[in-house]
Protein chains: 2
Amino acid sequence: MADFIIGIDGGGTSCRAAVADPRGVVLGRGKSGAANILTDPNNAIQSITDAAEAAFRDAGLPPEEVRNADAFLGLAGTNVGNLTQYVRERLPFRHTDIDSDGLIALQGAIGDADGSVAILGTGTIFMARRDGKVHYIGGWGFTIGDLGGGARLGHALLQEALLVHDGIHEGSAVTAAILDEFRHDPTAMVEFARLSKPGDFGRYAPLVFRHAQAGDKGALALLQDGARSVNEALDAITRIGGHERLCLLGGLAPLYPAWLEARHRAILVEPQADALTGAVALAAKRHKERARDDEPRRDEAGDAS
Amino acid sequence: MADFIIGIDGGGTSCRAAVADPRGVVLGRGKSGAANILTDPNNAIQSITDAAEAAFRDAGLPPEEVRNADAFLGLAGTNVGNLTQYVRERLPFRHTDIDSDGLIALQGAIGDADGSVAILGTGTIFMARRDGKVHYIGGWGFTIGDLGGGARLGHALLQEALLVHDGIHEGSAVTAAILDEFRHDPTAMVEFARLSKPGDFGRYAPLVFRHAQAGDKGALALLQDGARSVNEALDAITRIGGHERLCLLGGLAPLYPAWLEARHRAILVEPQADALTGAVALAAKRHKERARDDEPRRDEAGDAS
């Protein structure tokens, strides 16, 4: 029986899988639907299984072989609640390791090195590896966290537009764009905000960056607030991860560097690989550890002889 | 048949009514449960009717006489949606005028004078009367409005405590109080915030004022943010309402003055009366207008002769 490993990158919109040989050389890839273990664990189990089987088929392997493979899953939502155990017990793999989507992103981005990684998307989370240990800062979600993320930027823009509408603040091009979009109807803005999920607010973040780049006063103020939050969090995470390397990931990663402090810009590195590659690397590492643990302890016996 | 008028002050937690003679001299008062026309219009109709009938009983009048009375209702939630018509048609009064809870508060606070009124409670709303016309600023609710209100202050405190927990900001006594309350468990804070309504956040606002008064650095920063928002809104509302008088209402009204700009403190006045009294005054005014409209137009005839 051949040994295979599987890396899984599961999130709220899709689930990606890769099957690899035990060294981590990828043989095939597969994709499926949402794998959010918090909101729908049973659907997540199905998506994860589907993606893994698709990867086996892509590699020309029988999909039922997933039962003999060791999988490493990086999943969103593992830090809240305790559904991890429930999901693990219902997956078809021989061994199943589940960790956060952040960890596989970090592994993909900086490999085995020490350093820091910031995911700047709808939300924000900051991670650092130091002497093999991974530390997390932020990532607490939209309600009282994720400062500097796209959702908070978009939310701040709507709030500012309402202040302009009320004559409390002076407007600028960026708030005019919002007020025009909502036909200068504050109740429409309030209703939109009331029904919005973080992603809905986040869709306005690129507008803030675009207007700030053009020198718009209102957009600059909003972005300076967001960038201050990100800079402060980067100070905290690089105190742990050191000042050798910092890697930005997420939808806002290409937009943020110009707004960061020089000390952070100076250590920016490009990601080595994506999160799925990170999941495969971690699957290979765990597989190797297990193989070593299963061997007869010749070294120990030798030491004792 | 005797003429009676009714003033109603209906809100999310209770409904108060007063019956008065046509000049506005109060004869009896009644109270009942919540009258939130947005979340439960039918229950609001019942509460309003109950409070009115209780007021009639309190005055020694038969409760069924409410059918022959003219009522003025100040209700929360009238600026959103269009349930006002639905509620009006189902109330037992002879004439029913419905306006915002803000308007009756303004009437109670400054009577018929020009001036400005700020309600600083869980949320914030700013009103001004100028040449008989009433203007509103803010009051858009917690999601993207109500800056400087208790809910936003409490929310900002929880957010700050999370930044302290993450080592991003330095802590102080006020964030220590929060972190102790949540046993330094960030997921408990996030979960509390996720389930919280504005009033739940607002319960932490007095803590911010108390620590700020004691010179706590963290509380001062939070309160300076909140006070800046209130000061800016007061600038906007006094541009309309003039600089003769400004009246603060709401749970935070006793706490905020020390944190306001001198130009606002200089024109502060105590409220003349409460919102229910304002509702009675407006009911009397409308009743008088109707009586005048119903009279034969002697003046006009005179002018034409």
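Residues numbered from 1 in each chain as written. Chains lettered and ligands numbered in written order. Predicted model: local features only at pLDDT ≥ 70, side-chain atom pairs only at ≥ 80, totals over all residues. Heavy atoms only, no water.

Engineer: I'd like to hear about the interface of chain B and chain A, residue by residue, with values.
Structural biologist: Between chain B and chain A, the residue contacts involve 29 residues of the former and 29 residues of the latter. Together, the buried faces of chain B and chain A total about 2,500 Å²; carbon and sulfur atoms form 64% of this surface. Seen at the junction of chain B and chain A, the total is zero salt bridges. For the pair chain B and chain A, the number of links is twelve residue pairs in polar contact (both at pLDDT 80 or more). Among the secondary structure elements, those contributing two or more residues to the side of chain B that touches chain A are strand 8 (133-138), helix 4 (150-165), helix 6 (186-195) and helix 9 (217-241) of chain B. Per-element tally for the side of chain B that touches chain A: the top contributor is helix 4 of chain B, with seven residues. (Contact = heavy atoms within 4.5 Å. Buried area = accessible area lost by both parts, 1.4 Å probe. Salt bridge = Lys/Arg side-chain N within 4 Å of Asp/Glu carboxyl O. Polar contact = N/O pair within 3.5 Å; in protein donor to acceptor, adjacent residues only side chain to side chain. Helix = DSSP H or I, 4+ residues; strand = E, 2+ residues; numbered from the N terminus.)

Engineer: Quick rundown of the domain arrangement of chain A? Include the residues and the values.
Structural biologist: Residue and element names in this part refer to chain A. Domain annotation of chain A identifies domain 1 (4-111 + 273-304) and domain 2 (124-269). Distance from the C-alpha centre of domain 1 to the C-alpha centre of domain 2: 32 Å. Domain 1 puts eleven residues into the contact, and the matching count from domain 2 is nine residues. When domain 1 packs against domain 2, the two sides together hide about 770 Å² of surface, and 67% of this comes from carbon and sulfur. Per-residue buried area on domain 1 facing domain 2 is highest for L106, A109 and I110; these three make up 50% of the total on that side. Seen at the junction of domain 1 and domain 2, the total is zero salt bridges. At the junction of domain 1 with domain 2, the criterion picks out three residue pairs in polar contact (both at pLDDT 80 or more). Looking at the side of domain 1 that touches domain 2 element by element, the count peaks at seven residues for helix 3 (residues 101-110). By residue class, the composition of the side of domain 1 that touches domain 2 is five nonpolar, five polar and one charged. (Domains from an automatic or database assignment. Nonpolar A, V, L, I, M, F, W, Y, C, P; charged D, E, K, R; others polar.)

Engineer: Give a detailed account of the side chain of B:D70, specifying residues and quantitative values.
Structural biologist: Residues and elements named next belong to chain B. Mapped onto the secondary structure, D70 falls in strand 4 (residues 69-75). Under the relative-accessibility criterion, D70 is labelled buried at 2%. Polar contacts involving the side chain of D70 include one to the side chain of H287, which spans 3.1 Å. Here the side chain of D70 touches R290 through a polar contact of 3.5 Å, side chain to side chain. Discounting residues that sit within four places of it in the chain, D70 has contacts with F4, I5, I6, R94, H95, A283, H287 and R290. (Buried < 20%, exposed > 50% of the residue type's maximum accessible area, 1.4 Å probe, protein only.)

Engineer: Any details on the sheet that holds strand 2 (residues 15-20) of chain A? Residues and values, ideally.
Structural biologist: All names here are of chain A. The five strands are arranged 3-2-1-4-5 in an open sheet whose pairing can be described as mixed. Two strands bound the open sheet, and with one partner strand each, they are strand 3 (26-32) and strand 5 (95-100). If you compare each strand with its neighbour and ignore which way they point, the axes differ by 15° on average. Of the strands in this sheet, strand 1 (4-10), strand 4 (69-75) and strand 5 are in contact with helix 3, which crosses strand 5 at around 90°. The sheet strands contacting helix 11 (residues 275-294) are strand 1, strand 2, strand 3, strand 4 and strand 5, and the helix crosses strand 1 at an angle near 140°. (Pairing = 2+ DSSP bridges. Axes fitted to C-alpha atoms, helices over the stretch in contact; angles between N-to-C directions.)

Engineer: Can you lay out the relation of the copies chain B and chain A for me, pointing to particular residues and giving the numbers?
Structural biologist: The transformation that overlays chain B on chain A combines an axial shift of 0.1 Å with a rotation of 180°, and the residual RMSD is 0.0 Å. Classification of the inter-copy transformation places it as that of a two-fold axis. Scanning chain B for the C-alpha nearest the rotation axis identifies B:T143, at a separation of 5.1 Å. (Least-squares fit on C-alpha atoms with pLDDT ≥ 70 in both.)

Engineer: So what's going on with the sheet that holds strand 8 of chain B? Which residues, and what values?
Structural biologist: Residues and elements named next belong to chain B. Taken in spatial order, the five strands line up as 8-7-6-9-10 in an open sheet, and their pairing is mixed. Two strands close off the open sheet at either side, each with one partner strand: strand 8 and strand 10 (268-269). As defined by bridge partners, strand 6 (residues 115-120) adjoins strand 7 (residues 124-130) across six bridges and the pair is classed as antiparallel. Within the sheet, the bridge partner assigned to A118 lies in strand 7 and is F126.

Engineer: Requested: an account of the packing of helix 3 of chain A against helix 11 of chain A, with residues and values cited.
Structural biologist: What describes two packed helices is the angle between their axes and the distance between those same axes. Residue and element names in this part refer to chain A. Following both chains from N to C, one finds helix 3 and helix 11 inclined at 95°, their axes separated by 7 Å at the closest point. Between helix 3 and helix 11, the angle falls in the class roughly perpendicular. Taken together, the residues of helix 11 that come into contact with helix 3 (itself represented by L103, I104, A105, Q107 and G108) are A275, G278, A279, A281, L282 and K285. (Parallel < 35°, antiparallel > 145°, perpendicular 65-115°, else oblique.)

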